[in-house]
Amino acid sequence: MPFEFATATRIIFGEGASASLPELARTFGTRFFVVTGATPDRASALISALDAVTFSIPGEPTVDLVRQGAQRAVQAGCDVIISIGGGSAIDAGKAIAALATNGGEPLDFLEVVGRGRSISIAPLPFIAVPTTAGTGSEVTRNAVLGSPEHGVKASMRSPMMLPRIALVDPELTWGLPLAVTARTGLDALTQLIEPYVSKRANPLVDPFCTQGIRLAAGALRRVYRDGSDREARRDMAQASLFGGLALANAGLGVVHGFASPLGGSFDAPHGALCAAILPHGMAVNLAALRARAPQHPALERYAAIARLLTGRADATADDGIAWVRTLCADLKVPPLRAWGISETDLARIVDEAARASSMQANPLPLTSDELLAVANAAL
Ligand code: NAD
């Protein structure tokens, strides 16, 4: 199987690493455009030494928000884009950096629902500083944007969109609220499991998945019980980074396939959607593999995941799914219903999930009935 591996030009990891942001940023330019999440104050200490224009993303990014961001960055003559925040701020910054040089509309470039134009000009230099431990977006080549007119989230994607620097400082996650800790952490776990069983799984990515799954399995409950557990915060920041390295190079699967239309149609956080679907996506995949592809390597991989999650050498693939179910219950993951999703929405959601780019890497194609079973179980 051919494979490829690409990541951010530099990855810098460690407690306190974010203090070097101004110095690193000045190696790329002189006028900085800083994208933050809903609370820009959290970033102010990090950027006080820079001549920066700030732009805040109140929720997950949309095509309109990044269009506005790119216009402001160009008008202000900015030559470096920096994101300090969760996946929302990072994806917004990544898209803004690309639009600022390529021109045009986000929809020109968006996969699935857009016009399929490619990024052909190098984006402005982009530095990603994550403050959640979940998406790994600091090392991925895509920016996920909501397109309200289409009711889906889809990606702008190009290897040129990989950040120049991923500056991962676990200290920035110490203050993450409990619910955000849980759902972003479960997104990280999903992004380690899906690439490991993906159709595009590859030997360069596998070690990130196995090590990341082990780290997340050990740290998720700890960090939820005690947000001040610095070792567990560090493990989750690393697990999230490894998830990003994995998904960017091996793709995702059914869980993220659903997150695209669900996140585009309902006001629900990405991590919460992934967490609600994860055990059910795993269970339906496992049953489909057993029924239609009993020799598929993903079957043994689901058993390996179970051994990593449980720490037991005799764990079966089903034990792994049971472990994830219990974890989701312990971390109080609400069902899809909690976000206003109802049975009448599912037929459309299944249809769109089947077309989502993440779904294309699922270990095997699922039928509409199987997809409906995943959605019903998560409801
Ligand atoms: P987020 O960025 O939306 O942040 C969640 C909430 O936490 C926000 O209210 C934010 O303001 C707050 N927050 C962030 N850091 C904080 C901190 N240190 N302390 C207190 N509050 C903090 O959530 P996320 O899960 O990190 O990102 C979700 C987005 O990332 C979605 O749009 C999803 O589609 C996208 N995503 C992208 C990739 C990719 O590879 N590009 C991968 C996975 C997910």
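Here the residue numbering is sequential within each chain, running from 1 through the sequence in written order. The model is predicted, so local features are restricted to residues of pLDDT at least 70 and side-chain atom pairs to those at 80 or more, both for listing and for counting; the totals for chains, interfaces and linings are taken over all residues. Hydrogen atoms and water are omitted, and side-chain values are computed over all heavy atoms in the structure.

The name recorded for the protein in an unreviewed UniProt entry is Iron-containing alcohol dehydrogenase, from Occallatibacter riparius. Its UniProt record gives the protein a comment under Sequence similarities (unreviewed entry), which states: "Belongs to the iron-containing alcohol dehydrogenase family." Recorded in UniProt under Cofactor (unreviewed entry), the annotation for the protein is "Fe cation". UniProt positions are given in the numbering used here, feature names are shortened, and annotations may be inferred rather than shown by experiment.

Student: Sorry if this is basic, but what is going on with the pattern of salt bridges here?
Tutor: Two side chains bearing opposite charge may form a pair once their charged atoms approach each other closely. The working definition used for a salt bridge is a side-chain nitrogen of Lys or Arg within 4 Å of a carboxyl oxygen of Asp or Glu. One pass over the full model with this rule turns up 20 salt bridges. Put simply, R157 and E111 hold a salt bridge, and the shortest N to O gap is 2.6 Å. You can see R157 sitting in strand β7 (residues 152-157) and its partner E111 sitting in the loop between α5 (106-109) and β5 (126-130), a full 46 residues away along the chain. Only protein chains enter the area calculation, which uses a 1.4 Å probe; residues under 20% of their type maximum are buried, those over 50% are exposed, and those in between are partly exposed. By relative accessible area, R157 is classed as partly exposed at 36%. With relative accessibility at 23%, the residue E111 sits in the partly exposed group. R290 is the partner of D318 in a salt bridge, and the nearest nitrogen-oxygen pair spans 2.8 Å. Of this pair, D318 sits in helix α12 (residues 317-330) while R290 sits in helix α10 (residues 270-292); the two residues are 28 residues apart in sequence, bridging distant segments of the chain. What counts as a helix is a DSSP run of H or I of at least four residues, what counts as a strand is a run of E of at least two, and both are numbered from the N terminus.

Student: Please explain the environment of P125 as it appears in this structure.
Tutor: With respect to the helices, strands and loops of the structure, P125 is situated in the loop between α5 and β5. P125 sits in the buried class, given a relative accessible area of 13%. Sequence separation between P125 and D79 is 46 residues, and the spatial gap between their C-alpha atoms is 7.3 Å. Discounting residues that sit within four places of it in the chain, P125 has contacts with F28, D79, V80, I81 and R164. Whether two residues are in contact is decided by their heavy atoms, any of which lying within 4.5 Å being enough.

Student: Any chance you could explain the UniProt feature "domain: Fe-containing alcohol dehydrogenase-like C-terminal" (unreviewed entry) in the protein here in plain terms?
Tutor: In the UniProt entry, the feature "domain: Fe-containing alcohol dehydrogenase-like C-terminal" (unreviewed entry) is given for residues 181-378. The distance separating the terminal C-alpha atoms of residues 181-378 is 20 Å; by composition the span is 72% helix and 0% strand.

Student: In this structure, what is going on with helix α9 (residues 254-265)? I would like to understand it.
Tutor: For an α-helix, the turn length of 3.6 residues means that residues three or four places apart are oriented alike. Taking 1.5 Å per residue, twelve residues should reach 16 Å; α9 reaches 17 Å between its end C-alpha atoms and fits that length. Among the twelve residues of α9, ten are classified as buried, and the element is accordingly described as predominantly covered. Every buried residue of α9 is listed here: V254, V255, H256, G257, F258, A259, S260, P261, L262 and G263. In this fold, the buried residues of α9 make contact with β7, α6 (178-197), α10, α13 (346-355) and α14 (368-378). To estimate how far a helix should extend, the number of its residues minus one is multiplied by 1.5 Å.

Student: Please clarify how the packing of helix α11 (residues 297-310) against α12 should be interpreted in this entry.
Tutor: Angles shown run from 0 to 180 degrees and are taken between the N-to-C directions of axes, each axis being a line fitted to C-alpha atoms and, for helices, limited to the stretch in contact. At a minimum axis separation of 7 Å, α11 and α12 run at an interaxial angle of 50°. Between α11 and α12, the interaxial angle falls into the category oblique. Between α11 and α12 lies a crossing of left-handed hand. Contacts between α11 and α12 involve Y302, A303, A306, L309 and T310 on the former and, on the latter, A317, D319, G320, W323 and V324. Think of it as three bins: nonpolar holds Ala, Val, Leu, Ile, Met, Phe, Trp, Tyr, Cys and Pro, charged holds Asp, Glu, Lys and Arg, and polar takes everything else, Gly as well. Considering only residue class, the contact of α11 with α12 consists of seven nonpolar, two polar and one charged. Angle categories: roughly parallel below 35 degrees, roughly antiparallel above 145, roughly perpendicular from 65 to 115, and oblique for all the rest. Crossings are classed by handedness, with left-handed meaning an anticlockwise turn of the near helix from the far one by less than a right angle and right-handed meaning a clockwise turn.

Student: Explain the side chain of D235 here, please?
Tutor: Along the chain, D235 falls in helix α8 (residues 230-250). The charge count includes Lys and Arg as positive and Asp and Glu as negative, but it does not include His or the ends of the chains. Nearest to the buried, unbridged D235 among oppositely charged side chains is R222, at 4.6 Å. When neighbours within four sequence positions are excluded, D235 is seen to be in contact with L215 and A219.

Student: Would you mind showing me how to read the sheet that holds strand β1 (residues 10-13) here?
Tutor: Each strand in a sheet pairs with its neighbour through backbone hydrogen bonds, running either in the same direction (parallel) or in the opposite one (antiparallel). If DSSP finds at least two bridges between two strands, the strands pair. What the six strands build is an open sheet, ordered β1-β8-β5-β4-β2-β3; its pairing is parallel. Single-partner strands in this sheet number two, and they are β1 and β3 (52-56). On average, each strand axis in the sheet is inclined to that of its neighbour by 15°, with strand direction left out of account. Note that strand β4 (residues 80-85) and β5 share five bridges and pair parallel. Looking across to β5, one finds that I84 is bridged to V129.

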